[in-house]
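So you can see what is in the structure, the chains are spelled out below.
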2 protein chains.
Amino acid sequence: MSTRDALLEVTARLFADHGWRGTTTRRIAEAAGVNEVTVFRTFGSKDALLMESIRVQSAAAMPDVLPAEPGDLRSELTAWGMAHHARLHERRSMIRTCLAEFEEHPELGPVACEGAEVTIADSIRYLGEARRRGLLGPEGSLEAATVMLMNAIFLDAITRDVVPGCAPVPAEDAVAGFVDLTLRALGAGVAA
Amino acid sequence: MSTRDALLEVTARLFADHGWRGTTTRRIAEAAGVNEVTVFRTFGSKDALLMESIRVQSAAAMPDVLPAEPGDLRSELTAWGMAHHARLHERRSMIRTCLAEFEEHPELGPVACEGAEVTIADSIRYLGEARRRGLLGPEGSLEAATVMLMNAIFLDAITRDVVPGCAPVPAEDAVAGFVDLTLRALGAGVAA
DNA sequence: CACGATTGCAAGTACCTGCTTGCATGATCC
DNA sequence: GGATCATGCAAGCAGGTACTTGCAATCGTG
């Protein structure tokens, strides 16, 4: 791996754990097994390295997509929710830090969450198709249901280790519960 | 206001905006209109001041409670959701910072979110009473519904200004939508 | 009035911060 | 084999960090 890639990788990890200020160029160099001067020769400044590191990290996360044609809603939504939850849980430190750091570095708002919109759109598309096929009842906002389900999964994934008392249920059960309620709200049982 | 209280107040604000490292004793003293030495004479150390400041700030937030006896579920839940959303939105900077800072200061995990559990319990109590009175259908987990609703409201409240693209709906509509889906999921319409 | 507590002020300590400079070393390429 | 390039190393800069010390001024209370 090139020096550049090594620096980007350790910087992302340090940033997730220690924030912008806590990620010092000395620590980055030491963690990458590289002289501190190399950091500045490669990226020019600490800020440039951090921005690039977060950008690369975010771009590498692939979105979770639902099947093109809805079949068994419960199993498909549950599998999708679990995968989404797992992906968010892996990146929870980075996400939490970005949320806080947004106060002082608003420029990383767009870069950090560009994937969410496409996932929301895909879920709405999926539920819309399901309704068209009669797998869902005619009532209940699909947009609100998508946002509510994704919000619930997102928050559980990034706060699970912080406040265990507030989420005593295992992650799988939590996701399954959210999916069950979403399907009930959209009249999945009634139509089937 | 005493010097001590002034320090606690500005420290909480600075912490919410700049994090633990970014909240320097110089800034605290300057913002409070006090000499820096007074900070150390009053609290001993920066860490002690920050912990006390966050503790006081969290303890001051009163929980939102639902009516003792459920009447009109939709209006009561919506009013409660709006109030809860507004309260979280006010404290969003502090909450986001605490979530990120938990990595380096795990000790503030319990102190920062002690209020959530009682609110969850109150909501479950309310929905249970509603079901007992036949205002809700017999199916659907009340615990999961409570957590899902609160998660959705919580995340919307603390990320609304960060990722406006992900939540283009006004807060009132978002909360109303979440409440509507929750009631649908628990069979409020059916039973009524 | 005197005493004690609170605070301000100036200075200083030891360490960390981002960043720079000058020079040596090794590999790579023509 | 010589030139170029990436990198390491040692040192240093100016400024910030938490925190301390000593001393003077203020103020309420006895």
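Everything discussed here concerns the structure shown above.
Residues numbered from 1 in each chain as written. Chains lettered and ligands numbered in written order. Predicted model: local features only at pLDDT ≥ 70, side-chain atom pairs only at ≥ 80, totals over all residues. Heavy atoms only, no water.

### Description of the overall build of chain A
Argument step 1. Counting secondary structure elements, chain A contains eleven helices and zero strands.
Argument step 2. Walking chain A from its N terminus toward its C terminus, one meets helices and strands in the order α-α-α-α-α-α-α-α-α-α-α.
Argument step 3. The C-alpha extent of chain A, read off along each of the three principal axes, is 65 × 35 × 30 Å.
Argument step 4. Counting all 192 residues of chain A, 52% fall into the buried class.
Argument step 5. Sequence separation of 24 or more characterises 69% of the internal contacts of chain A that already satisfy a separation of 6 or more.
Argument step 6. Summed over all atoms, the accessible surface of chain A reaches about 8,500 Å², with 56% contributed by carbon and sulfur. (Helix = DSSP H or I, 4+ residues; strand = E, 2+ residues; numbered from the N terminus. Buried < 20%, exposed > 50% of the residue type's maximum accessible area, 1.4 Å probe, protein only. Contact = heavy atoms within 4.5 Å. Areas by Shrake-Rupley, 256 points an atom, 1.4 Å probe, with all protein chains shown as cover.)

### Considerations on the side chain of Asp 180 of chain B
Residues and elements named next belong to chain B.
Argument step 1. Within the secondary structure layout, Asp 180 lies in helix H10 (residues 171-185).
Argument step 2. Asp 180 sits in the buried class, given a relative accessible area of 18%.
Argument step 3. Reaching out from Asp 180, the side chain makes a polar contact with the side chain of Arg 74 at a distance of 2.9 Å. (Polar contact = N/O pair within 3.5 Å; in protein donor to acceptor, adjacent residues only side chain to side chain.)

### Re the environment of Ala 100 of chain B
Argument step 1. Mapped onto the fold, Ala 100 of chain B is located in helix H6 (residues 92-101).
Argument step 2. On a C-alpha basis, the gap between Ala 100 of chain B and Ala 86 of chain B in space is 21 Å, while along the polypeptide they are 14 residues apart.

### What to know about the relation of the copies chain A and chain B
Argument step 1. Once turned by 180° and shifted 0.0 Å along the axis, chain A lies on chain B with an RMSD of 0.1 Å. This pairing of chains is accounted for by a two-fold axis. Taking the C-alpha atom as reference, chain A places Ala 185 of chain A closest to the rotation axis, 1.9 Å from it.
Argument step 2. Comparing interface residues between copies, 100% of those in chain A also lie at the interface in chain B; the contact surface is shared. (Least-squares fit on C-alpha atoms with pLDDT ≥ 70 in both.)

### A few points about the interface of chain A and chain B
Argument step 1. Taken together, the contact pairs 44 residues of chain A with 44 residues of chain B.
Argument step 2. Scanning the region where chain A abuts chain B turns up four salt bridges.
Argument step 3. Linking Glu 103 of chain A and Arg 96 of chain B is a salt bridge whose minimum nitrogen-to-oxygen distance equals 2.9 Å.
Argument step 4. Counting across the chain A and chain B interface gives twelve residue pairs in polar contact (both at pLDDT 80 or more).
Argument step 5. Tallying contributions element by element places helix H9 (residues 142-159) of chain A first for the side of chain A that touches chain B, with eleven residues. (Salt bridge = Lys/Arg side-chain N within 4 Å of Asp/Glu carboxyl O.)

### Structural notes on the protein's contact with DNA strand D
Argument step 1. Near DNA strand D you find 16 residues, and of these Thr 3, Thr 38 and Arg 41 of chain A together with Arg 26 and Lys 46 of chain B are the closest.
Argument step 2. With respect to DNA strand D, the backbone of Asn 35 of chain A contributes an N or O atom lying 3.1 Å from a phosphate oxygen.
Argument step 3. In this structure, Lys 46 of chain B approaches DNA strand D through a side-chain N or O atom, which is 2.8 Å from a phosphate oxygen. (Near = heavy atom within 4 Å.)

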